[in-house]
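A structural walkthrough
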2 protein chains.
Amino acid sequence: MYLDSRLKLPKYFVYDLYDDFSFQVGALSACYFGQRGYHVHLYEYRKDPRVSGNISKGRSINLALSNRGRKALAKIGLEECMVANHGVPMAARMIHSTDGTKRIIPYDPHSNQCIYSVGRNYLNGILLSAAEKRPNVHLNFEHKLVRADFDRGKLTFKCADKEALKDVHADLIVGADGAFSAVRNCMLKLPMFNYNQTYIEHSYMELSIPPGANNDMEKNFLHIWPRGGFMMIALPNADRSWTVTLFMNRDQFARLGRSSPEVLVKFFQTNFPDALRLIGRDRLIADFFSNQCSPLVSVKCNPYNVGSRAVIIGDAAHAMVPFYGQGMNAGFEDCYLLDDVLHNYGYSIGKALEQFSKMRNPDAEAICELAMYNYIEMRDLVNRRSFLWRKRLDDLLFRLMPKVWIPLYTSVTFSDMRYSKCIENRSWQDSVRTNNLSICCTI
Amino acid sequence: MYLDSRLKLPKYFVYDLYDDFSFQVGALSACYFGQRGYHVHLYEYRKDPRVSGNISKGRSINLALSNRGRKALAKIGLEECMVANHGVPMAARMIHSTDGTKRIIPYDPHSNQCIYSVGRNYLNGILLSAAEKRPNVHLNFEHKLVRADFDRGKLTFKCADKEALKDVHADLIVGADGAFSAVRNCMLKLPMFNYNQTYIEHSYMELSIPPGANNDMEKNFLHIWPRGGFMMIALPNADRSWTVTLFMNRDQFARLGRSSPEVLVKFFQTNFPDALRLIGRDRLIADFFSNQCSPLVSVKCNPYNVGSRAVIIGDAAHAMVPFYGQGMNAGFEDCYLLDDVLHNYGYSIGKALEQFSKMRNPDAEAICELAMYNYIEMRDLVNRRSFLWRKRLDDLLFRLMPKVWIPLYTSVTFSDMRYSKCIENRSWQDSVRTNNLSICCTI
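Okay, so let's go over this structure. Please read all numbers here as calculations on a predicted model, not as lab measurements. (Residues numbered from 1 in each chain as written. Chains lettered and ligands numbered in written order. Predicted model: local features only at pLDDT ≥ 70, side-chain atom pairs only at ≥ 80, totals over all residues. Heavy atoms only, no water.)

Right, let's get into the interface of chain B and chain A. With 17 residues of chain B at the contact, the number on the chain A side is 17 residues. Buried surface at the junction of chain B and chain A, summed over both partners, amounts to about 1600 Å²; 53% is from carbon and sulfur atoms. Sorting the residues of chain B by area buried against chain A places M192(B), Q197(B) and Y199(B) first, and these three jointly supply 37% of that buried surface. Connecting chain B to chain A are zero salt bridges. In this structure, the connection of chain B to chain A is made through eight residue pairs in polar contact (both at pLDDT 80 or more). (Contact = heavy atoms within 4.5 Å. Buried area = accessible area lost by both parts, 1.4 Å probe. Salt bridge = Lys/Arg side-chain N within 4 Å of Asp/Glu carboxyl O. Polar contact = N/O pair within 3.5 Å; in protein donor to acceptor, adjacent residues only side chain to side chain.)

This is the structure:
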């Protein structure tokens, strides 16, 4: 591997978490930069989660690791450990009706590929430890980014328990600081930085099913209770507990939050009777009235870089609603692609970042759109005949022509096809389908 | 007029200008709040422009005052002074071709209404002085807003030449602080605040035609040099000088900026030969190479209020590209409507602000869209036969049915019809036109 002489300069890597609740993209990127020989300083707002324990209680949608994430982990040799030791395979969706009946919709009926439910804490711990192993990567916790001066490459931090601010200098600032990115907030004031943040009507709340009670929860599935205006999902954990997430309109959360435990239990009895039994009445009441519901935001922006001085990746660049299970996978793919593009441009950083920004933006916007579309599909369409019919037709054509007709979900989840290409494919398939149907009708 | 007892509490009004270049909406709003008996403290980033002189040199697109702005000025008794003493009426567009020929396109062929070119400095001076006349309005210059704490109603300012920050408390914070609003920037971090900023490819640069040379510039017109990919406009000043604005792709500005004076003059000779003669070769070269070109941003957001504690108006709430001449008019209309809604709700501030936000948002987004559409129309469509044909048909139908068929430009510029309704009307007219045309074709 050729290493440019500039790599001997210290390169700083910033990862600040302002009000966010995960930092896997920052840690993975630190591994990548570390592996290439950069001097990396990783700055994190909170305490070291490996010391302070579970950081994401009540604010975590379990992570669904699929092809893109696995590929990015494989490049630094962590895929096998993550999938084999900490991932619970999910081969299909399990759809729960209110009458207790269940239906299975496989993710990949053609070759039975799985997605993997991974605990956020395992992932964070493994990635931080992998980064820390390298002598050229330094972790700094309890550093909150106050401002970034891109021209001077200067970052100003507020450290825990210290009054004075701390300045550090960086040749390259990498902001992997989540949906509410402080680095991006500084970019917002620069001319020609386009930005969009959109909150959806639905918020989410985390609940859980304890290990003992889940005897009849089929383990290798992503369980979904679609109810039209709202929905619930459950992802398996390695200890046989389930992380349950309820998605509902903010007003509905507020109404239920103001009501009595009896009204809450009645709501679950009506809509999620089987889940109520598994969660348990007392646990449901305790969790629902003590947990916060959190808003869901979709963020698009452009460009991702500030010349050769800074770049944002992961949720900081493209936060999406969590309904395609691609948030982390897209963030991990950013790390992979950024590493690739820097290498291909011979570490001419400015050109490489510009290229990364140009190439990645349409794909990031595409997956944000798809996640928004799935927001409707998961809670509603999945129950409709037309959706299921389309799914069967897709699966059949995929089986007959696996290289030509790749269904949308398959291309997004089980391939590394560019996200924008996945959407193009779908449009092409739609037009073929519509024309064929027209021909059928006119014959 | 009924005045609620709460009005005796001091009410603070913030107007901070971070990197903006005009403050007419803030000053007008201070007049309105002052008239209603509020204790108003107006905070402004820069020096008092009445003392420090022309603040907007090189960064001003002249203001086109039309119906909505006039109505808002009339409500505080300033319309006549502004229109009669400081406005230059413009009855039509004057389109300049490269071969020197000119064409007139009237704004209102039906009843000859005009729009008025007003110097930004006159406007600022008159409004600030009007606000200051009231004993309950206090102006504070050279205060830069550092942060706003909406929960506590606390504003923190950095004052010129002072190291220590200054805190003030407000019952209501009104952010009229422009396209790069510091108040809005604090709202950006609140959940459920939707936000979009989009820069267009074109930037602008201000040039000028001095009073002596413009003998053959017809005074009562808005002059336009549409050239497809770029364009230039000129608005008359009271002293017979002209404020000229060149709109062009950023890259094109950069290329010309790096080139020689000869290349610049050649560019003007080819594209704006008549304007070159009026501006003068030396003045053009001096101004072009010393002035900055400024980017153009369109901002949409929602909601405009933070409970009963804060509201944003004007460009802070809905910055638009300047191609419909509605930026200031829409901002002035905000002041009018906000005053109205507060009065109608008996000064129940929270409810009034919520209602203002709900009602105003679709209209503000509509005019942002229209301004973006006119970005294409002004530099390109205005030269096309189809556009002129449509315009003539619109004018004819308006003449025949003035209450039924109101052309889009007329409803936006010469009425106070809700902006969203103007667009609805246009859609309705489009469908009628298309259907009638189809009928014509099939007969």
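Residue and element names in this part refer to chain A. Between N302 and the following residue, P303, the backbone shows a cis peptide bond with an omega angle of 0 degrees. Structurally, P303 is set in the loop between β16 (294-302) and β17 (305-306). Here E142, not a glycine, exhibits a phi torsion of approximately 55 degrees, which is positive. With respect to the helices and strands, the residue E142 is situated in the loop between β7 (137-140) and β8 (143-149). (Helix = DSSP H or I, 4+ residues; strand = E, 2+ residues; numbered from the N terminus.)

Time to look at the relation of the copies chain B and chain A. In summary, the two copies of the chain are related to each other by a rotation about an axis coupled with a shift along it. Structural alignment of chain B on chain A gives an RMSD of 0.0 Å, achieved by rotating through 180 degrees and translating 0.0 Å along the axis. In short, the pair behaves as if placed about a two-fold rotation axis. No C-alpha of chain B lies nearer the rotation axis than that of N196(B), which sits 2.1 Å from it. Both copies present the same face, since 100% of the interface residues in chain B are matched by interface residues at the equivalent positions in chain A. (Least-squares fit on C-alpha atoms with pLDDT ≥ 70 in both.)

Our focus in this paragraph is the packing of aromatic side chains. According to the stated counting rule, one finds 34 aromatic pairs over all chains in the structure shown. Pairing F230(A) with F267(A) gives two aromatic rings, centres 5.3 Å apart and planes at 40 degrees, and the pair type is tilted. A residue pair is termed long-range when its members are at least 10 positions apart, and F230(A) in the loop between β13 (221-226) and β14 (231-236) and F267(A) in helix α8 (residues 261-271) qualify at 37 residues. A single burial state applies to F230(A) and to F267(A), both of which are buried. Through successive ring pairs, a cluster of aromatic residues spans Y107(A), Y324(A), Y409(A) and F414(A). One Lys or Arg, R93(A), reaches over the ring of Y409(A) and ends 4.8 Å from the middle of that ring. The side chain of K75(B) reaches across the aromatic face of Y336(B), ending 4.1 Å from its centre. (Phe/Tyr/Trp six-rings, centres within 6.5 Å; stacked < 30°, edge-to-face > 60°. Buried < 20%, exposed > 50% of the residue type's maximum accessible area, 1.4 Å probe, protein only. Lys NZ or Arg CZ within 6 Å of the ring centre and 35° of its normal.)

Moving on, we come to the sheet that holds strand β9 (residues 154-159) of chain B. Residues and elements named next belong to chain B. Strand order in this open sheet of three strands is β8-β9-β10, and the pairing throughout is antiparallel. Each having just a single partner strand, β8 (143-149) and β10 (165-169) make up the two edges of the open sheet. Averaged over neighbouring strand pairs, the angle between their axes works out to 30 degrees when direction is ignored. Here five bridges tie β9 to β10, and the two strands are oriented antiparallel to one another. From the neighbouring strand, K154 faces β10, where its bridge partner is H169. (Pairing = 2+ DSSP bridges. Axes fitted to C-alpha atoms, helices over the stretch in contact; angles between N-to-C directions.)

Scanning the entire structure with this criterion turns up 36 salt bridges over all chains. With a closest N to O distance of 3.0 Å, R50(B) and E132(B) form a salt bridge. Taken together, the positions of R50(B) in helix α2 (residues 49-52) and E132(B) in helix α5 (residues 120-132) put the pair 82 residues apart, joining distant regions of the chain. Residue R50(B) is classed as partly exposed on the basis of its relative accessible area of 30%. What makes E132(B) partly exposed here is its relative accessible area of 41%. For D416(B), the salt bridge is made with K71(B), and the minimal N-O distance between the two is 2.4 Å. Note that D416(B) is positioned in the loop between α15 (408-413) and α16 (419-442) and K71(B) in helix α3 (residues 67-74), a separation of 345 residues in sequence. On the basis of relative accessibility, which here comes to 39%, the residue D416(B) falls in the partly exposed class. Here the salt bridges share partners, and the residues they tie into one network are R36(A), K75(A), D339(A) and D340(A).

Next up on the list: the sheet that holds strand β6 (residues 115-118) of chain A. Residue and element names in this part refer to chain A. Here we have three strands laid out as an open sheet, ordered β2-β6-β3, and antiparallel in their pairing. Looking along the sheet, the strands with just one partner apiece sit at the ends: β2 (63-65) and β3 (87-90). Between one strand axis and the next, the sheet turns by 35 degrees as a mean value, whatever way the strands run. Where β2 and β6 come together, three bridges link them in antiparallel fashion. Paired with A64 across the bridge in β6 is S117.

Turning next to the packing of helix α1 (residues 24-35) of chain B against α5(B). All names here are of chain B. Where α1 contacts α5, the two axes come as close as 8 Å, and the packing angle between them is 25 degrees. Put simply, α1 runs roughly parallel to α5. Regarding α1 and α5, the two cross each other, and that crossing is left-handed. Across the interface between the two elements, Q24, A27, L28, A30 and C31 of α1 pack against R120, L123, N124, L127, L128, A130 and A131 of α5. Looking at the contact of α1 with α5 residue by residue, the classes come out as nine nonpolar, two polar and one charged. (Parallel < 35°, antiparallel > 145°, perpendicular 65-115°, else oblique. Left-handed = near helix turned anticlockwise from the far one by under 90°. Nonpolar A, V, L, I, M, F, W, Y, C, P; charged D, E, K, R; others polar.)

As a further point, take the layout of surface pockets. The space that makes up the second largest pocket amounts to roughly 730 Å³. As for the second largest pocket, its lining consists of 21 residues, of which P191(A), M192(A), N302(A), P303(A) and R250(B) are closest to the centre. Every element with two or more residues in the lining of the second largest pocket is listed here: β17 and α13 (349-379) of chain A together with β12 (194-209) and α7 (250-258) of chain B. Across the lining of the second largest pocket, the residue classes break down as ten nonpolar, six polar and five charged. (1 Å grid on protein atoms, 1.4 Å probe; cavity = no way out; pocket = protein on both sides within 12 Å on 5 of 7 lines; lining within 4 Å. Points joined across faces, edges and corners; volume = space filled by probe spheres on them.)

This part takes up a nonpolar patch on the surface. On the surface, a nonpolar cluster with roughly 470 Å² of combined accessible area is contributed by L396(A), L400(A), M401(A), V404(A) and W428(A). Topologically, L400(A) is positioned in helix α14 (residues 385-400). (Patch = residues over 30% accessible without salt bridge, like charges linked within 9 Å, V, L, I, M, F, W, Y side chains within 5 Å. Areas by Shrake-Rupley, 256 points an atom, 1.4 Å probe, with all protein chains shown as cover.)

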